[in-house]
Amino acid sequence: EKGGYDTFMEKEINEQPRAVGETLLGRTDESGALVLDELRIPEEALRRVGRITIVACGTAAYAGMVAKYAIERWTRIPVEVALAHEFRYCDPIVDEQTLVVSISQSGETMDTLMAVKHARELGAQTIAICNTHGSTIPRESDAVLYTHAGPEVAVASTKAFLAQITACYVLGLYLAQLRGGSYADDAKAVMAELQEVPAKIEALLGSLDRVREIARFMADTRAVLFLGRQVGFPVAMEGALKLKELAYIHAEGFAAGELKHGPIALIEPGQPVFIVVPGPDTPHGLHGKVVSNIQEIRARGARTLVIAQEGDDAVVPFADEVIRVPRTSPMLQPLLTTVPLQVFALELSTAKGLDVDQPRNLAKSVTVE
Ligand code: M6R
């Protein structure tokens, strides 16, 4: 049932082109416009949405963070991301104009379920982004947008994460389409680009031998840092979480801009740091800012493991290793930049002889508070 792979995680990493493709399937008409009849919330109600709160835990919450950047950019609707277990106990500001979007692979995470119930009591409309048909969270929500990643068995989430991000994009683009005008035009263009991503993930998966090699040489590493900016920031945190879960290595993800506000003190000779570099076409000159960050930490002796787009030569002088990902538009990059980090954690865990699919102390779905 592992389809020829040694572990479920490896299988699921390799199923990601399909997970993303299936999650996009059937959600556009012949003209490329989004059709989300399944949402069952009237269009007028969705047009009235004044703010969005995303509730989720762990990896699903990182998908929510990616969604915040994308949905705000495409719709100009304010989006907040709350860890579900915090949301419920902080007297959240939620009303009838609030759309509460939960994200959960299992649909059974107790913290997320309780957050959804609480949001409904407060009068919010609730949409579940979920991978498991008939599970509890979709049943307790007004509407559901299923991710079609297929069953995820490994405790560490991989293909469900990419499918969650994809579903969030679809929802954001749909809301943009409802807004009409230039929002709708932009939505169509992004959707067309999104359709090309599965093939790009496929190509990327075939090019990661060097990442595996790097991981195997790092079995004794005690700490790894991950830096990212904008949508690369949640990717950095996801990379760190994968390494904690799978290889029991202390790992931390930072927003690259925070470096000088504290974390740079951790940099000492030999310290491995992954840097998720935004594409050169990212607005506000963020690419150049992250390249300067790489330069700064390299000057202090860090070992820089740089994830950058094909053709981005600016990173080369400051990188100990360059891991290339195919080009896509800045907002869609997490669907690609996450993949090498998953493979890195998988390989490092394997090199340490650990149980990849069943890491210690963890359960696939956390059904207690
Ligand atoms: O089933 P859910 O998506 O609600 O699960 C949420 C988290 O428990 C889950 O993503 C967890 O962080 C994973 N172990 C990450 O790999």
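Definitions and limits used
Residues numbered from 1 in each chain as written. Predicted model: local features only at pLDDT ≥ 70, side-chain atom pairs only at ≥ 80, totals over all residues. Heavy atoms only, no water. Buried < 20%, exposed > 50% of the residue type's maximum accessible area, 1.4 Å probe, protein only. Helix = DSSP H or I, 4+ residues; strand = E, 2+ residues; numbered from the N terminus. Pairing = 2+ DSSP bridges. Right-handed = clockwise from strand over helix to strand, strands pointing away. pLDDT = per-residue confidence, 0-100. 1 Å grid on protein atoms, 1.4 Å probe; cavity = no way out; pocket = protein on both sides within 12 Å on 5 of 7 lines; lining within 4 Å. Points joined across faces, edges and corners; volume = space filled by probe spheres on them. Nonpolar A, V, L, I, M, F, W, Y, C, P; charged D, E, K, R; others polar. Near = heavy atom within 4 Å. Polar contact = N/O pair within 3.5 Å; in protein donor to acceptor, adjacent residues only side chain to side chain. Areas by Shrake-Rupley, 256 points an atom, 1.4 Å probe, with all protein chains shown as cover. Salt bridge = Lys/Arg side-chain N within 4 Å of Asp/Glu carboxyl O. Expected span 1.5 Å × (residues − 1). Phe/Tyr/Trp six-rings, centres within 6.5 Å; stacked < 30°, edge-to-face > 60°. Lys NZ or Arg CZ within 6 Å of the ring centre and 35° of its normal.

S.K.: How would you explain the pairing of strand 4 (residues 125-130) if you had to name every residue and give the values?
M.R.: Within strand 4, five of the six residues are buried, which leaves the element mostly enclosed by the surrounding structure. When strand 3 (residues 98-104) meets strand 4, the two strands line up parallel, connected through six bridges. Residue pairing for strand 4: Ser102 is matched across the bridge by Ala128. Looking at chain direction, strand 4 and strand 5 (residues 143-146) are connected through four bridges and run parallel. Along strand 5, the bridge assignment pairs Ala128 with Val144.

S.K.: Please set out the pairing of strand 8 (residues 272-276) residue by residue, giving values where relevant.
M.R.: Most of strand 8 is tucked away: five of the five residues are buried. Burial along strand 8 is two-sided: the residues Pro272, Phe274 and Val276 and Val273 and Ile275 are all buried. With three bridges connecting them, strand 6 (residues 223-228) and strand 8 associate as parallel partners. Residue pairing in the sheet places Leu227 in a bridge with Ile275 of strand 8. Across five bridges, the pairing between strand 8 and strand 9 (residues 303-309) is parallel. Among the inter-strand pairings, Pro272 is bridged to a residue of strand 9, identified as Arg303. In this region the chain leaves strand 8, passes through helix 13 (residues 286-299) and returns to the parallel neighbour strand 9; the handedness of that crossover is right-handed.

S.K.: Would you mind going over the confidence of the model for the chain in detail, with residue names and values included?
M.R.: This prediction gives the chain a mean pLDDT of 96; 100% of its residues lie at or above 70. With a pTM of 0.97, the predicted complex shows an ipTM of 0.98.

S.K.: An account of the layout of surface pockets is requested, with residue identities and associated values reported.
M.R.: In this structure, the largest pocket spans a volume of roughly 570 Å³. Surrounding the largest pocket, 25 residues form its lining, Cys57, Gly58, Thr59, Lys364 and Val366 being those nearest its centre. Going through the elements one at a time, helix 4 (58-75), strand 3, helix 6 (110-121) and helix 12 (232-247) are the ones with two or more residues in the lining of the largest pocket. Taken together, the residues that form the lining of the largest pocket break down as nine nonpolar, 11 polar and five charged.

S.K.: So what's going on with the site of the ligand? Which residues, and what values?
M.R.: Around the ligand sit 14 residues, and of these Ser104, Gln105, Ser106, Thr109 and Glu245 come closest. Gln105 is positioned with one of its backbone polar atoms (N or O) 2.6 Å from an oxygen atom of the ligand. At 3.0 Å from an oxygen atom of the ligand is found a side-chain nitrogen or oxygen belonging to Lys242. Here the ligand has 410 Å² of accessible area as a free molecule, and 90% of this is covered by the chains. For the shell around the ligand, the elements supplying multiple residues, two or more each, are helix 4 and helix 12. The greatest single-element share of the shell around the ligand, amounting to three residues, is contributed by helix 4. Class assignment for the residues of the shell around the ligand results in four nonpolar, eight polar and two charged.

S.K.: Explain the pattern of salt bridges residue by residue, including any values.
M.R.: Within this structure, the stated rule accounts for 19 salt bridges. Arg212 is paired through a salt bridge with Asp209; the nearest N and O atoms lie 2.9 Å apart. Separated by three residues within a single helix, Arg212 and Asp209 lie in helix 11 (residues 209-216), roughly one turn from each other. Looking at Asp209, the relative accessible area reads 55%, which means it is exposed. Between Glu347 and Arg216 there is a salt bridge; the shortest N-O distance is 3.0 Å. With Glu347 in helix 14 (residues 334-351) and Arg216 in helix 11, this pair connects stretches of sequence that are 131 residues apart. With a relative accessible area of 13%, Glu347 lands in the buried category. Its relative accessible area of 43% is what places Arg216 among the partly exposed residues. One network of salt bridges, in which partners are shared, links Asp209, Arg212, Arg216 and Glu347.

S.K.: Explain helix 8 (residues 159-179) to me, and be specific about the residues and the numbers.
M.R.: One full turn of an α-helix is made of 3.6 residues, so residues set three or four places apart face in the same direction. Its 21 residues place the ends of helix 8 30 Å apart at the C-alpha level, agreeing with the 30 Å of an ideal helix rising 1.5 Å per residue. In terms of burial, helix 8 is largely enclosed, as 19 of its 21 residues are buried. Following helix 8 by one or two positions, Gly180 adopts a phi angle in the positive range, close to 80°.

S.K.: If you had to explain the packing of aromatic side chains to someone new, which residues and values would you point to?
M.R.: Using the criterion set out here, one finds three aromatic pairs in the structure. Between the aromatic rings of Phe274 and Phe344, the centroid separation amounts to 4.7 Å while the plane-to-plane angle is 70°, which identifies the pairing as edge-to-face. Of the two residues, Phe274 is situated in strand 8 and Phe344 in helix 14; the sequence distance between them amounts to 70 residues. Across the pair, Phe344 and Phe274 agree in class, each one buried. Chaining the aromatic ring pairs together yields one cluster made of Phe226, Phe274 and Phe344. The lysine or arginine in question, Arg179, covers the ring of Tyr183, its NZ or CZ lying 5.7 Å from the ring centre. Over the aromatic face of Tyr248 sits the side chain of Arg360, whose NZ or CZ is 3.8 Å from the ring centroid.

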